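What follows is each chain in one-letter form.
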Amino acid sequence: MNKIVIALCVLLIMALNEGQAWADLPTPFSIILKGDAFFTSGMVSQNTDAGAKAIEFMNRFRLTVTSTATADDGLTYGARLRIRASMGTGVLDADQGYIFARNSLGLIELGTQLNPNMFYHVIAPSNFGTGGIDGDWAIGDDGWIQNQLTFMEPYFGGGYTITTFVKSANRLNYISPRLFSDGDPQHGLMGTVSYAPANRDLFTGVNRTMLNVNPTTNRPYGYGRTQAFSDCLGGGTLGCDYHDIYEFSLRDDRVVGGVSVSSGLAYIGGTTGETNFGTLQRFYNLSAWQAGIQLGYAGVLIGGNFDDAGRSAYPRQSAATGPLYQDDQYTWTAGISYETGPVSFGFNYEFGHDAGDLQAPGARTAHLYAVGLTYKIAPGLSTAIESLRSTTHTEPGFVRDPLGFNRNFSGNANCFLWKTTATF
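The structure presented is a predicted model; accordingly, all values stated were derived computationally and were not measured.

J.: Please explain the overall build of the chain as it appears in this structure.
T.: Scanning the chain from N- to C-terminus turns up 2 helices and 19 strands. Within the chain, the fraction of its 424 residues that count as buried is 49%. Contacts in the chain between residues far apart in sequence, at least 24 positions, make up 66% of those at least 6 positions apart. When the accessible surface of the chain is split by element, carbon and sulfur atoms take 60% of a total near 19,500 Å².

In structure tokens:
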């Protein structure tokens, strides 16, 4: 792990070294404001609903402030902050705040930032509706479709993935320049490297904790039954208690015989924190990989991906857990879309698999089907509709899943969403 940090620091020094000639001279900065906002209304019917409303509204506003300057030698540098109005409490927060520098050697990002796979992943087409399997269905306090816990989001860092969700954190990202390209900056082979000391450390915070000893501020898997099953969802924030999180990825985009081909391969790893609520409990480390491909021709996109996290964050068997049955966690997606003029529509699908009840043999599986349409009303303004169907199938003998939900909680649901988005 130290070698990764050293290598990234060397790249940063090389990038900044080119600017020594102008480092002490005043350079004007440009301030760029960008943002997006959406309003989504939805109707949900779920077979476990009890006293739940069928119709809900949701909205979010984000403003990105970027200060940027370019030196005489071509080095571009600056800082970026993204402010969000998205919390149910009405309080503003931020999920990005970092320094960046780019030259012929690539791009370095230092600060609170998302992991590169959030931006450069390749999965089933999701350029319609709210995104289908990668859309709004899981956004919100509990999500439009609730208790659907089997799916891993098909790329690292996704919002509804407990296992590989590494959220915004203080990290160092490096994105290489495009290689073997045809001169188009969006074509060719690129690589990324990322490192974060802790999953729950952001902005000015310093998190040196390696052991969780406070059950009152932690909500582990199976919290209602035992405190030995995981340290995920702890500290009031989503995501497992990971340390030394590192990520590598490759992405290639090119046109072959008139067909656009995008492919990606990524790996993420990290150390899972331990808990000691009277009994020391250890967990499997984060180890996941993801691969995807998309093909495009004449407005049609088709593709999918596979994401495997194995036993990441599962508890290691101990006296506190008793015998465990730990089927791997994985997901795959497939889909197709078509765009013509201001209209895009399509269908995508996700399959999810996990161990379900860790104390029962077998596995739990889930299916998510989505179909949707987007219409661009004007530049920066669009509206979309989407219909989703979600189902879950649990193994015989299922009593309670790793998050503590029992057999009465089900992810079976039908959901209809209407979304309007403004981007500026």
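J.: Is there a simple way to explain the packing of aromatic side chains in this structure?
T.: Each aromatic ring pair is characterised by the separation of its centres together with the angle its planes make. This structure, assessed with the given rule, holds 13 aromatic pairs. Here the aromatic rings of F29 and Y77 are separated by 5.5 Å at their centres, their planes lie at 90°, and the arrangement is edge-to-face. Here Y77 lies in strand β3 (residues 76-85) and F29 lies in the loop between α1 (2-17) and β1 (30-46), a separation of 48 residues in the sequence. Residue F29 is classed as partly exposed on the basis of its relative accessible area, which comes to 44%. Here the aromatic cluster, defined as three or more aromatic residues joined through ring pairs, consists of W289, F306, Y330, W332, Y349, F351 and Y369. The ring of F100 carries the charged tip of R80 above its face, separated from the ring centre by 5.1 Å. Residue placement shows K419 over the ring face of F38; its charged tip is 4.3 Å from the ring centre.

J.: Looking at this structure, how should I read the pairing of strand β18 (residues 381-393)?
T.: As paired strands, strand β17 (residues 364-378) and β18 are joined by 13 bridges and run antiparallel to one another. Each residue of the ladder has a partner; that of L368, found in β18, is S390. Following β17, the chain reverses through 2 residues before pairing antiparallel with β18; G380 in that reversal takes a positive phi of roughly 85°.

J.: Can you walk me through the environment of G303 in this structure?
T.: Assignment of secondary structure puts G303 in strand β14 (residues 300-310). C-alpha separation for the pair G303 and I123, spaced 180 residues apart in sequence, amounts to 6.7 Å. Other than its neighbours up to four places away in sequence, G303 contacts A124, P125, I293, Q294, T333, A334 and G335.

J.: Explain the nonpolar core here, please?
T.: Nonpolar side chains in soluble globular proteins tend to end up buried together. Counting 17 residues, the largest nonpolar core has W137, W144, I145, F151, L368, L388 and C415 as its most contacted members. Of all the elements in the fold, those that place two or more residues in this core are β1, β17 and β19 (413-423). In contact with L388, other than residues within four places in its own chain, are G132, W137, I145, L368, Y369, A370, A413, N414, C415 and L417.

J.: Quick question: what am I supposed to make of the environment of I133 here?
T.: Tracing the chain through its elements places I133 in the loop between α2 (117-120) and β6 (169-175). When its relative accessible area of 0% is taken as the criterion, I133 is described as buried. Setting aside its immediate chain neighbours within four residues, I133 contacts A124, Y160, T333, N348, Y349, E350, L368 and A370.

J.: Just checking my understanding: could you explain the side chain of D308 for this structure?
T.: Its location among the elements puts D308 in strand β14. One polar contact links the side chain of D308 to the main-chain amide nitrogen of G310, over a distance of 2.8 Å. When sequence neighbours within four positions are dropped, the list of residues in contact with D308 reads M152, S287, A288, W289, Q329 and Y330.

J.: Whenever I open this one, the environment of G258 confuses me. Can you help?
T.: With respect to the secondary-structure elements, G258 resides in the loop between β9 (242-256) and β10 (259-272). Remark: the alpha-carbon pair of G258 and A298, spanning 40 residues in sequence, is separated by 8.8 Å. If we ignore the near neighbours within four places in the chain, the residues touching G258 are G296 and Y297.

J.: Explanation requested: the pattern of salt bridges in the structure shown.
T.: Oppositely charged side chains may form a pair once their charged atoms are brought near each other. With the rule as written, the count across this model stands at 13 salt bridges. In this structure, the salt-bridge partner of D93 is R84, at a minimum N-O distance of 2.6 Å. Sharing partners across several salt bridges, the network here consists of R82, R84, D93 and D95.

Rules and cut-offs
Residues numbered from 1 in each chain as written. Predicted model: local features only at pLDDT ≥ 70, side-chain atom pairs only at ≥ 80, totals over all residues. Heavy atoms only, no water. Helix = DSSP H or I, 4+ residues; strand = E, 2+ residues; numbered from the N terminus. Buried < 20%, exposed > 50% of the residue type's maximum accessible area, 1.4 Å probe, protein only. Contact = heavy atoms within 4.5 Å. Areas by Shrake-Rupley, 256 points an atom, 1.4 Å probe, with all protein chains shown as cover. Phe/Tyr/Trp six-rings, centres within 6.5 Å; stacked < 30°, edge-to-face > 60°. Lys NZ or Arg CZ within 6 Å of the ring centre and 35° of its normal. Pairing = 2+ DSSP bridges. Core = buried A, V, L, I, M, F, W, Y, C linked by side-chain atoms within 4.5 Å. Polar contact = N/O pair within 3.5 Å; in protein donor to acceptor, adjacent residues only side chain to side chain. Salt bridge = Lys/Arg side-chain N within 4 Å of Asp/Glu carboxyl O.

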